[in-house]
Amino acid sequence: MSAPIGVFDSGYGGLTVLKALEKALPEYDFLYLGDNARTPYGTRSFDVVYEYTLQAVKYLFSHNCPLVIIACNTASAKALRSIQQLNLPNIAPEKRVLGVIRPSVEKVAEITKNGHVGILGTVGTVISESYPIELKKWSGGRVKSTVQESCPMWVPIVENNDIETEGAEFFIKRNIGNILQKDKNLDTLILGCTHYPLLSKIIRKFVPDKIRILEQGEIVAEKLVDYLQRHPEIEDKLSKTGNVSFQTTESEKIFESKASLFLGREVKAQHIRF
Ligand code: DGL
């Protein structure tokens, strides 16, 4: 039996990844799950993020998804490795769970010219040090310096749809100013949270043109296309009718109105409980 690709995020941010996945793989089916009732994850402890993410992955597995994309940096940073190494062999050895950090790291290594990289992320992602560790491990020595800045207000701004406000500008300007101070030679800035592309217009206002800003949607999509070509045993199990469905731990009405705004089209959602 074939089934959709599961896409999970703490809230609406993963929609930026889903949008790119739909574009790159239009014939595939996707099941998007937003844990909107418990968002944000960025300020929560390692144990809590791990517990919530594992619940979500198990839920998507119970809906037969052969492959789950954790479209959330915080969950990728704090839970992915444990799920892959400790849980997957016991609960579903034939299934796969992938995250968003490794593809982003590989892309940065391909494009940075001077090796000075900045990472904007949630408190959880920054504290985990996942990006500096993975960049050191997977960039083949191309990344020479990494600086990070946590932006705790950015996810709530997106979740509450306060994007086009003076308040949003205030916090974005402050965080960008901080990271530019930390390294004056930055050539690449990673938006290390899937919510942040929704703020990209304002972010660009405060980042000099010579600095490349990396959004993860297209990167994750490009790497997934490649992954599916290399893994026919997973690809064969994916359903392909071009259907995308949405589930949320919040009320479906709230999800539908905001998700439509972020995706630019009407969506129907279903409320679920783990
Ligand atoms: N989209 C999640 C991320 O990429 C948001 C984090 C949150 O829920 O705080 O990190």
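Residues numbered from 1 in each chain as written. Predicted model: local features only at pLDDT ≥ 70, side-chain atom pairs only at ≥ 80, totals over all residues. Heavy atoms only, no water.

K.L.:
Explanation requested: the overall build of the protein in the structure shown.
P.N.:
In terms of regular secondary structure, the protein is built from twelve helices and ten strands. A globule of 274 residues ought to have a C-alpha radius of gyration of about 19 Å, and the protein, at 18 Å, matches this closely. Viewed in the frame of its principal axes, the protein has a C-alpha envelope of about 55 × 40 × 35 Å. Buried positions account for 57% of the 274 residues belonging to the protein. Partitioning the intrachain contacts of the protein with sequence separation of at least 6 by distance along the chain shows that 78% fall at a separation of at least 24. (Helix = DSSP H or I, 4+ residues; strand = E, 2+ residues; numbered from the N terminus. Rg over C-alpha atoms; globule rule 2.2 N^0.38 Å. Buried < 20%, exposed > 50% of the residue type's maximum accessible area, 1.4 Å probe, protein only. Contact = heavy atoms within 4.5 Å.)

K.L.:
Explain the site of the ligand to me, please; I cannot follow it from the model alone.
P.N.:
Contacts to the ligand come from 14 residues, most closely from Ser10, Tyr41, Gly42, Thr74 and Thr194. The separation between an oxygen atom of the ligand and a polar main-chain atom of Gly42 is 2.7 Å. One nitrogen or oxygen atom from the side chain of His195 is found 2.8 Å from a nitrogen atom belonging to the ligand. Burial of the ligand by the surrounding chains reaches 99%, relative to a free accessible area of 290 Å². Considered class by class, the residues forming the shell around the ligand number five nonpolar, eight polar and one charged. (Near = heavy atom within 4 Å. Polar contact = N/O pair within 3.5 Å; in protein donor to acceptor, adjacent residues only side chain to side chain. Areas by Shrake-Rupley, 256 points an atom, 1.4 Å probe, with all protein chains shown as cover. Nonpolar A, V, L, I, M, F, W, Y, C, P; charged D, E, K, R; others polar.)

K.L.:
What am I meant to see in helix H3 (residues 73–91) here?
P.N.:
Because the α-helix completes a turn every 3.6 residues, residues three or four places apart line up on one side. For H3, with 19 residues, the first-to-last C-alpha span of 23 Å runs short of the 27 Å given by 1.5 Å per residue. The principal kink in H3, of about 55°, is found at Ala79. All buried positions along H3 are accounted for by Asn73, Thr74, Ala75, Ser76, Ala77, Lys78, Ala79, Leu80, Ser82, Ile83, Asn87 and Leu88. (Expected span 1.5 Å × (residues − 1). Bend = angle between axes of the 7 residues up to and from the residue.)

K.L.:
I keep staring at the sheet that holds strand E5 (residues 116–121) and nothing clicks. Help me out?
P.N.:
Strands belonging to one sheet form pairs held by backbone hydrogen bonds; the direction of such a pair is parallel or antiparallel. Pairing is parallel in the open sheet, where four strands are placed in the order E6-E5-E7-E8. Only two strands of the sheet have a single partner each, and these edge strands are strand E6 (145–150) and strand E8 (212–214). Strand-to-strand twist across the sheet, computed as the mean angle between neighbouring axes with direction ignored, equals 20°. Looking at chain direction, E5 and strand E7 (residues 188–191) are connected through four bridges and run parallel. By the bridge assignment, Ile119 is partnered in E7 with Ile190. Along the sheet face, helix H4 (residues 101–111) touches E5, E7 and E8 and points at about 160° away from the line of E8. (Pairing = 2+ DSSP bridges. Axes fitted to C-alpha atoms, helices over the stretch in contact; angles between N-to-C directions.)

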